[in-house]
Amino acid sequence: MTIWIAIGATALGCYAVKLAGLLVPAGALERPLVRRLAALLPVALLAALTAQQTFADGHTLVLDARAAGLAAAAVALVLRAPFLLVVAAAVVVTAGVRALGG
Amino acid sequence: MTSAGSGLTVWQTCALSLLVFTGASQFALVGALAAGGNPLTAAAGAFFLGVRNAFYGLRLSQLLALPRAVRPFAAQWVIDETAAVSLAQSGRRSARIGFAVTGLSLYVLWNLTTLLGALGAEAIGDTDAWGLDAAGPAVFLALLAPMLRTATERTVAGLAVLLGLGLLPVLPAGVPVLAAALAAPVVLYAEGRRSGGRTDGTEPGDEDAPSDGRGGQR
């Protein structure tokens, strides 16, 4: 039962924050400063998430095969490779480095 | 998959996935419950991980301009992936399509894999060996790249990476990403200062004036 309580509380909380963002009145977002901020927040969040998914293992920072994979993706992006190729490059290079014992 | 191994029933696992639908929060909740945590503490940790979705919602509501009646339904799909895809589109129409397609396909796939995983199909083996764990960050990087058009965006991204990684060892899960979001106001503030107290330090005519569309030069 306690597990259901936890599930319920998490579901409600997570849904509420998702909805809160969408329901902020458009008028409040008209101001240029708010607008700039709302545009920059996803940039910050995505950048931090990308870095964490690459270099984090729980609460510790690690440098492993994923870093090589992400570097390959970055190179592919610079070369203007299509989206799927960018992701494939990351996966293949990561697997390759691991296979080599990285 | 993780949750089935930590004492949740198949029903609980699927309900969690269907109702919460924001991956990091689900894993956090399951992890905390498995570690024997109090259910409300566990829920609080999971909630923290979900708070960033509110920031996505802020931007998405401008971008998608959804009718009020649709918003409660769209809200459940406001997550990292849908935000990233929508923001990478160059017009309102394609942003809406991107949001809907990403939301629907992820919702279906995510819940299907949860069900399969909960039913005990752990036979897939070690997905890490195939390098699949690098796909997530690569997708985010590919979606982020077109947004990094000016020095401002690049500075924000750089500072966010430093904050996100630097605080990771010392703060509870989910909080470092929120702290990294501070990079946005900090950089905006610093920019305002540098432009010499010009009160209009945030020119409305700046590159995001037509509120539909970021990047997407492909």
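Definitions and limits used
- Residues numbered from 1 in each chain as written.
- Chains lettered and ligands numbered in written order.
- Predicted model: local features only at pLDDT ≥ 70, side-chain atom pairs only at ≥ 80, totals over all residues.
- UniProt positions renumbered as here; feature names shortened; annotations may be inferred.
- Domains from an automatic or database assignment.
- Helix = DSSP H or I, 4+ residues; strand = E, 2+ residues; numbered from the N terminus.
- Contact = placed C-beta atoms within 7 Å.
- Nonpolar A, V, L, I, M, F, W, Y, C, P; charged D, E, K, R; others polar.

An unreviewed UniProt entry lists chain B under the name Branched-chain amino acid ABC transporter permease, from Streptomyces phaeofaciens. Check the Subcellular location (unreviewed entry) section of the UniProt entry for chain B; it says "Cell membrane".

For chain A, the name recorded in an unreviewed UniProt entry is Branched-chain amino acid transporter AzlD, with Streptomyces phaeofaciens as its organism.

Student: Talk me through the domain arrangement of chain A; I want residue IDs and the actual numbers.
Tutor: Examined at the domain level, chain A breaks down into domain 1 (1-56) and domain 2 (63-102). Between the C-alpha centres of domain 1 of chain A and domain 2 of chain A the distance comes to 28 Å.

Student: Kindly report on the environment of S90 of chain B, identifying the contributing residues and their values.
Tutor: Turning to its location among the elements, S90 of chain B is positioned in the loop between α6 (80-87) and α7 (92-118). Distance from S90 of chain B to T114 of chain B, taken between C-alpha atoms, is 33 Å for residues 24 residues apart in sequence.

Student: I'd like a description of the UniProt feature "transmembrane region" (unreviewed entry) in chain A, backed by residues and values.
Tutor: The residues that UniProt annotates with the feature "transmembrane region" (unreviewed entry) are residues 6-25, 37-55 and 67-97 of chain A. Between the C-alpha atoms that bound residues 37-55 of chain A there is a distance of 27 Å. The span itself is 100% helix and 0% strand.

Student: Lay out the UniProt feature "transmembrane region" (unreviewed entry) in chain B in plain terms, naming residues and giving numbers.
Tutor: Residue and element names in this part refer to chain B. Taking the numbering used here, the UniProt-annotated feature "transmembrane region" (unreviewed entry) corresponds to residues 97-118, 130-148 and 160-190. Secondary structure across residues 97-118 divides into 100% helix and 0% strand, with the first and last C-alpha atoms of the span separated by 31 Å. Between the end C-alpha atoms of residues 130-148 there is a gap of 30 Å, over a span that is 53% helix and 0% strand.

Student: Give me the interface of chain B and chain A: which residues, what numbers.
Tutor: Facing the 79 residues of chain B at the interface are 63 residues of chain A. A per-element tally of the side of chain B that touches chain A places helix α4 (residues 52-64) of chain B first, with 11 residues. Here the residues of the side of chain B that touches chain A are counted per class, giving 57 nonpolar, 13 polar and nine charged.

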